[in-house]
Amino acid sequence: DQQVKQNSPSLSVQEGRISILNCDYTNSMFDYFLWYKKYPAEGPTFLISISSIKDKNEDGRFTVFLNKSAKHLSLHIVPSQPGDSAVYFCAAYLQMNYGGATNKLIFGTGTLLAVQP
Amino acid sequence: DARVTQTPRHKVTEMGQEVTMRCQPILGHNTVFWYRQTMMQGLELLAYFRNRAPLDDSGMPKDRFSAEMPDATLATLKIQPSEPRDSAVYFCASGLGQVPTQYFGPGTRLLVL
């Protein structure tokens with residue numbers, strides 16, 4: 001039962017153009033959504049997040065859009081640069097309480113972005 | 001420059017051997033997570049700790065995996081005995097309280113022959 005899905009395993013974009021990475025989720029109780037970027041032989045690094053009460057968050061070239069009715073979020077990178085070539089993971093945060101708050105990130109399987117010079 | 005550190009970075013071992021992976025979370029972080037990355041499953045959560053107490057290890061094969069936090073600066077993940085299907089990259093991440101963001105270490109790449 002995959003609660004966070006990234007249906008596109010890969011995406012190729014020309015330098016300077018827009019990259020759009022998509023993510024779907026099934027659980028309407030998620031509190032936050034995060035995007036991580038991962039280069040080969042390195043750990044994932046946090047990129048940008050959005051609260052479930054917002055529909056857009058922007059940070060420089062990166063913008064995340066959240067459509068709660070469709071249970072869909074997307075990451076836009078404008079303009080795309082060759083250094084953006086990496087695997088991008090979407091993650092959903094679920095805060096649960098078991099006699100003390102806990103927190104979990106549920107990750108999608110990632111999308112490999114290749115930005116062509 | 002606060003970072004999560006993991007040792008070893010690479011490990012090659014034979015089936016049946018014990019493997020221990022170590023993680024030093026970012027100083028001051030009180031949540032620690034162990035993930036495994038495989039080609040098919042992406043990032044799977046194996047276990048996590050809050051204030052050194054294990055909160056959930058339902059993602060771990062209980063018969064061979066164990067996770068501990070001997071102190072606030074060290075988390076360990078042990079596999080005994082190891083099997084070829086355990087070959088993967090194991091990541092440790094740390095966080096603070098209920099803040100969603102987790103910070104990942106560089107990973108331990110494990111190969112079990």
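Residues numbered from 1 in each chain as written. Chains lettered and ligands numbered in written order. Predicted model: local features only at pLDDT ≥ 70, side-chain atom pairs only at ≥ 80, totals over all residues. Heavy atoms only, no water.

1. Quick look at the pairing of strand S5 (residues 42-50) of chain B
All names here are of chain B. The element S5 is largely enclosed, with a buried count of 8 among its 9 residues. With 8 bridges joining them, strand S4 (residues 31-38) and S5 adopt antiparallel strand pairing. Looking at the pairing, Thr38 lines up with Gly42 of S5. The pairing of S5 with strand S6 (residues 53-56) spans 3 bridges and is antiparallel. Looking at the pairing, Phe49 lines up with Pro54 of S6. (Buried < 20%, exposed > 50% of the residue type's maximum accessible area, 1.4 Å probe, protein only. Helix = DSSP H or I, 4+ residues; strand = E, 2+ residues; numbered from the N terminus. Pairing = 2+ DSSP bridges.)

2. Description of the packing of aromatic side chains
On inspection of all chains with the given rule, the structure shows 14 aromatic pairs over all chains. Summarising the aromatic geometry, the rings of Tyr32 of chain A and Tyr93 of chain A are spaced 6.1 Å apart at their centres and angled 70° between planes, so their arrangement reads as edge-to-face. Here Tyr32 of chain A is found in strand S4 (residues 32-38), whereas its partner Tyr93 of chain A is found in strand S9 (residues 86-97), with 61 residues between them in sequence. Exposure remark for Tyr93 of chain A: the relative accessible area of 1% places this residue in the buried category. Pairing Tyr36 of chain A with Phe104 of chain B gives two aromatic rings, centres 5.5 Å apart and planes at 80°, and the pair type is edge-to-face. With Tyr36 of chain A in strand S4 and Phe104 of chain B in strand S10 (residues 103-104), the pair connects residues from two separate chains. Judged by its relative accessible area of 0%, Tyr36 of chain A falls in the buried class. Feature note: the residues Tyr36, Phe46, Phe89 and Phe107 of chain A together with Phe33, Tyr35, Tyr48, Phe91 and Phe104 of chain B constitute an aromatic cluster, connected by ring pairs. (Phe/Tyr/Trp six-rings, centres within 6.5 Å; stacked < 30°, edge-to-face > 60°.)

Spatial relationships are all this shows, so hold off on functional conclusions.
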